[in-house]
Amino acid sequence: MSARSGNRFGRAVLPVLAVVATLLAVWYVAVVPMNVKEVLTQAEREGAVVVPPSAAERRDAGRWSLVFTNPHLLGSSWSMDRARLPAPHQVAQELWASTWVEETTGRRGIVRSGSFSNRSLVYHGGVTLGATVLGFVIGSMLGVLLAVGIVYNRAMDLSVMPWAIISQTIPIVALAPMIIVVLYSVGLSGLVAKAAISAYLSFFPVAVGMVKGLRSPDAMQLDLLRTYSAGKAQSFWKLRLPASVPYLFASLKIAIAASLVGAIVGELPVQRGGLGARMLGGSYYGQTEQIWAALIVAAVMAAGLVWFIGWIERRTLKAMGAQP
Amino acid sequence: MHWVCQEREFFWLGGLSVRRFREAMGTTISAMVFLPLFVLIALIALARAEADGGMAILWVVLFAYIGWQFVDALAGWAEAPGVARLVAPFALGAVVLVGWEVIVRALDVPSVILPPPSQIAGTFTGNLPTLWADFVQTILKGAMSGYVIGCLLALGVAILVDRYDFLRRGLLPVGNFMAALPIVGTAPILVMWFGFDWQSKAAVVVVMVFFPMLVNIVAGLADTSAMQRDLMRTYSASYWQTLRTLRLPAALPFVFNGLKVSATLALIGAIVAEFFGSPTVGLGFRINASLGQLALDMVWSVIVVAAVAGSLLYGVLTVLERWLTFWHPSQRR
């Protein structure tokens, strides 16, 4: 047992850890050339002698050559404020400060005010999560309904299906700002507008995947049900729907990721909170740590949502008697 | 009000007789009757949109119904089963466009909420030079250069991953994880690093297409049987010879799958990155700027450009795929 788990560690976990450690090391090294110009300017202001003395020369010089001509001045590379590339531990600090510290000690934090602070990533993540999940639920339900319509109605199959496929090839996210602005002008704002975009983005993947799933029973299985003289409804509930479950979950995973992207992009035009608003705000004011922290929260959220769908999938397939 | 009810009754009865008519006449004749009827009702609806006001919606419903009957009749046409497949999407497109036009004009929807298609078409043809410049900036410079670089980079890393098993076990889970993340969120950072011009958009596209491509190419390279690889070994083929003559061609269906997924991602990346800063040209910039002026007809024109670009790219990839992977079961007719 222990030998097997040790083997599993060596085969599966160790390589991933090695790759992640390499990426972090590359990140730490990359911080030096990325920030070298700002670091040198700051050092010069504090009285140090920088090798190309004029700022104009430094602007035109290569980053790596500046690193090699001033190696003794680079100590502050990893602690710069508003760095072009903040170091991983700076991002981690920002993440900690804008979640736990802000909520427990901040004036507007949950401990003192009773509601999540609008300066914390917990609040902004929650805003995005709400829109993502609401849009995802609406979009996938509509997608499933459309798929049922396509499978059971010949005219719908012929006319709607090509458009559903084409819609996958066009960047519909480009519609997002317009949907937000138009819904805002008719009085719908915030959650509903963002959920509309998320629903729109998760709608087509689910419809296409579900059509594939509902059509996956082969002719022999359908014939068998016909020999039982099963009706349309019975063959739907007892054969087509169960057969479509693996396809449904595969497309739900794609849909929830798309839904999150939709919610984030939907937060760009109207700055009313959310991870997208944090990112755009960070890029306006050069607060790079803030962008990175929001990005990491978005990544954790995406991974968590996809994992959650996968968990439901495993539970469902197990309950349906699938072999692991 | 009473009159409205009568109208509704009339359409209901009409539905019954349409069904009986189709049963009596057979497929060919009903299709030939429904086509001119379809066009005629479209023309009437368009002509009477302003005059009828809200009642024009009934014309749209009738139009959609006739369209449905027309497609349904065509689908049952045994002599030429392909015709319905070709015509049906256009029929639905016509229903949506005519319905949109008639309803917007009939209900007098302000064009800052939804402009009618005719106005969008006018704006589109009137601003062709601007839109072409935006297309060149965003699609050709931003999306395409990033797409090519990202795919080549993924191919290189995929070959490395394929050669060294340690990398496969380390990089693949990371790649799978990254492929599901909202990578478009790196756009503000990359725009800060590479400036407002197309280089930053290309960088966003590289990051966006890299992971889906990597996962697909690695899966494709693994898609040869032990027997095929053993055969290559009996020919004493080297790693690179095996790669070139057996494994890369065998990976092509997976590669094209990845290319198609990434093509859409590339356009999304290039457009969304412009929301975080751009020169005064580009599709994303045009969307934002026109939204500021509430020129929704211009926004829709930009969306038409993006849609055409996406479908064109997809079409080119499909043709290439059919040409290069003609041997694959999914391509057999």
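Quick notes on the rules
- Residues numbered from 1 in each chain as written.
- Chains lettered and ligands numbered in written order.
- Predicted model: local features only at pLDDT ≥ 70, side-chain atom pairs only at ≥ 80, totals over all residues.
- Heavy atoms only, no water.
- Helix = DSSP H or I, 4+ residues; strand = E, 2+ residues; numbered from the N terminus.
- Contact = heavy atoms within 4.5 Å.
- Domains from an automatic or database assignment.
- UniProt positions renumbered as here; feature names shortened; annotations may be inferred.
- Axes fitted to C-alpha atoms, helices over the stretch in contact; angles between N-to-C directions.
- Parallel < 35°, antiparallel > 145°, perpendicular 65-115°, else oblique.
- Nonpolar A, V, L, I, M, F, W, Y, C, P; charged D, E, K, R; others polar.
- Buried area = accessible area lost by both parts, 1.4 Å probe.
- Salt bridge = Lys/Arg side-chain N within 4 Å of Asp/Glu carboxyl O.
- Polar contact = N/O pair within 3.5 Å; in protein donor to acceptor, adjacent residues only side chain to side chain.
- Core = buried A, V, L, I, M, F, W, Y, C linked by side-chain atoms within 4.5 Å.
- Buried < 20%, exposed > 50% of the residue type's maximum accessible area, 1.4 Å probe, protein only.
- Left-handed = near helix turned anticlockwise from the far one by under 90°.
- Arc of directions from axis to C-beta.
- Phe/Tyr/Trp six-rings, centres within 6.5 Å; stacked < 30°, edge-to-face > 60°.
- pLDDT = per-residue confidence, 0-100.

Points about the side chain of S140 of chain A
Examined against the element boundaries, S140 of chain A turns out to sit in helix α6 (residues 121–152). In contact with S140 of chain A, other than residues within four places in its own chain, are S202, V206 and L252 of chain A.

Some remarks on the domain arrangement of chain A
In terms of domains, chain A is made up of domain 1 (1–72) and domain 2 (121–319). A separation of 39 Å is found between the C-alpha centroids of domain 1 of chain A and domain 2 of chain A.

So, the UniProt feature "transmembrane region" (unreviewed entry) in chain A
All names here are of chain A. Here, UniProt's "transmembrane region" (unreviewed entry) annotation points to residues 12–30, 121–151, 163–185, 191–211, 247–270 and 290–312. Measuring from the first to the last C-alpha atom of residues 163–185 gives 29 Å, for a span that is 74% helix and 0% strand. As annotated, residues 290–312 comprises 100% helix and 0% strand, and the C-alpha atoms at either end are separated by 33 Å.

Concerning the packing of helix α4 (residues 88–105) of chain A against helix α13 (residues 288–319) of chain A
Residues and elements named next belong to chain A. As a packed pair, α4 and α13 sit with axes 9 Å apart at the nearest point and diverge in direction by 75°. Here α4 is positioned roughly perpendicular relative to α13, judged by the angle of their axes. For the pair α4 and α13, contact is made by Q90, V91, E94 and L95 and by E289, Q290, W292, A293, I296 and V297, respectively. Counted by class, the contact of α4 with α13 contains six nonpolar, two polar and two charged residues.

Observations concerning the interface of chain A and chain B
Each partner contributes residues to the interface: chain A has 54 residues there, and chain B has 49 residues. Both sides of the chain A and chain B interface together cover about 4400 Å² of buried area, and 81% of this is carbon and sulfur. For the chain A face of the interface with chain B, the top three residues by lost area are L158, T169 and M178 of chain A, together amounting to 14%. The interface formed by chain A and chain B holds zero salt bridges in total. Taken together, the connections running from chain A to chain B amount to two residue pairs in polar contact (both at pLDDT 80 or more). Top element by residues in the side of chain A that touches chain B is helix α1 (residues 2–45) of chain A. It accounts for 11 residues.

As for the domain arrangement of chain B
Along its sequence, chain B is carved into domain 1 (2–109) and domain 2 (124–331). On a C-alpha basis, the centres of domain 1 of chain B and domain 2 of chain B stand 41 Å from each other.

Here's the deal with the nonpolar core
Of all hydrophobic cores here, the largest spans 129 residues; its most connected members are M178 of chain A together with Y147 of chain B. Sequence-distant contacts of Y147 of chain B, that is, excluding residues within four places in its chain, are made with V205, V209, L259, S262, A263, A266 and L317 of chain B. Membership of the second largest hydrophobic core comes to 25 residues, among which are A155 of chain A together with A31, F70 and V102 of chain B.

A look at the packing of helix α8 (residues 176–185) of chain A against helix α9 (residues 191–214) of chain A
All names here are of chain A. At a closest axis distance of 9 Å, the pairing of α8 and α9 adopts a crossing angle of 145°. In this structure, α8 meets α9 at a crossing whose hand is right-handed. For the pair α8 and α9, the contacting residues are A176, I179, I180 and L183 in the first and A193, K194, A196 and I197 in the second. Grouping the constituent residues of the contact of α8 with α9 by class yields seven nonpolar, no polar and one charged.

Some thoughts on the side chain of S251 of chain A
Residue and element names in this part refer to chain A. Position of S251 relative to the elements: it lies in helix α11 (residues 232–266). In this structure S251 comes out as buried when scored by relative accessible area, which is 5%. A polar atom in the side chain of S251 sits 3.0 Å from the backbone oxygen of Y247. The residues contacting S251, other than those within four sequence positions of it, are P205, V206 and G209.

Here we look at the pattern of salt bridges
Residues and elements named next belong to chain A. Overall, the coordinates contain 12 salt bridges over all chains when judged by the stated rule. Linking R215 and D157 is a salt bridge whose minimum nitrogen-to-oxygen distance equals 3.3 Å. Separated by 58 residues along the polypeptide, R215 in the loop between α9 and α10 (219–227) and D157 in helix α7 (residues 154–169) bring together distant segments of the chain. When its relative accessible area of 17% is taken as the criterion, D157 is described as buried.

Things to note about helix α5 (residues 117–126) of chain B
Residue and element names in this part refer to chain B. By the burial criterion, the buried members of α5 are P117, I120 and T123. Buried residues of α5, seen end-on, are gathered within an arc of 120° and therefore sit on one face of the element. Of the exposed residues in α5, those oriented more than 90 degrees away from the buried face are T125 and G126. Close packing links the buried residues of α5 with α4 (81–107) and α13 (296–324).

What about the environment of I303 of chain B?
Mapped onto the secondary structure, I303 of chain B falls in helix α13. Distance from I303 of chain B to M213 of chain B, taken between C-alpha atoms, is 26 Å for residues 90 residues apart in sequence. In contact with I303 of chain B, not counting residues within four places along its chain, are A174, L175 and M178 of chain A.

Some details on the environment of S225 of chain B
Considering the arrangement of structural elements, one finds S225 of chain B in the loop between α9 (198–221) and α10 (226–234). When the C-alpha positions of S225 of chain B and R247 of chain B are compared, they lie 9.9 Å apart, and in sequence the two are 22 residues distant.

Side note on the packing of aromatic side chains
Each aromatic ring pair is characterised by the separation of its centres together with the angle its planes make. Residues and elements named next belong to chain A. Applying the stated criterion to the full structure yields 16 aromatic pairs over all chains. When the ring of W307 is compared with that of W311, the centres are 6.5 Å apart and the planes differ by 20°; the resulting orientation is stacked. Of the two residues, W307 and W311 are both situated in helix α13; the distance of four residues between them amounts to about one turn of the helix. Clustering of aromatic rings is evident, with ring pairs tying together Y152, F236 and W237.

Section: the confidence of the model for chain A
Summarising the model, chain A shows a mean pLDDT of 83, and 96% of its residues fall at 70 or more. In the model of chain A, helix α5 (residues 110–113) of chain A stands out as the element of lowest mean pLDDT, 72, in contrast to α6 of chain A, which has the highest, 91.

Some details on the confidence of the model for chain B
All names here are of chain B. Mean pLDDT for chain B: 83, with 93% of residues reaching 70 or above. In this model residues 1–5 is a low-confidence stretch, pLDDT under 50, and it forms one contact with partners more than four residues away in sequence or in other chains. For this predicted complex, the interface score ipTM comes out at 0.79, alongside a pTM of 0.82.

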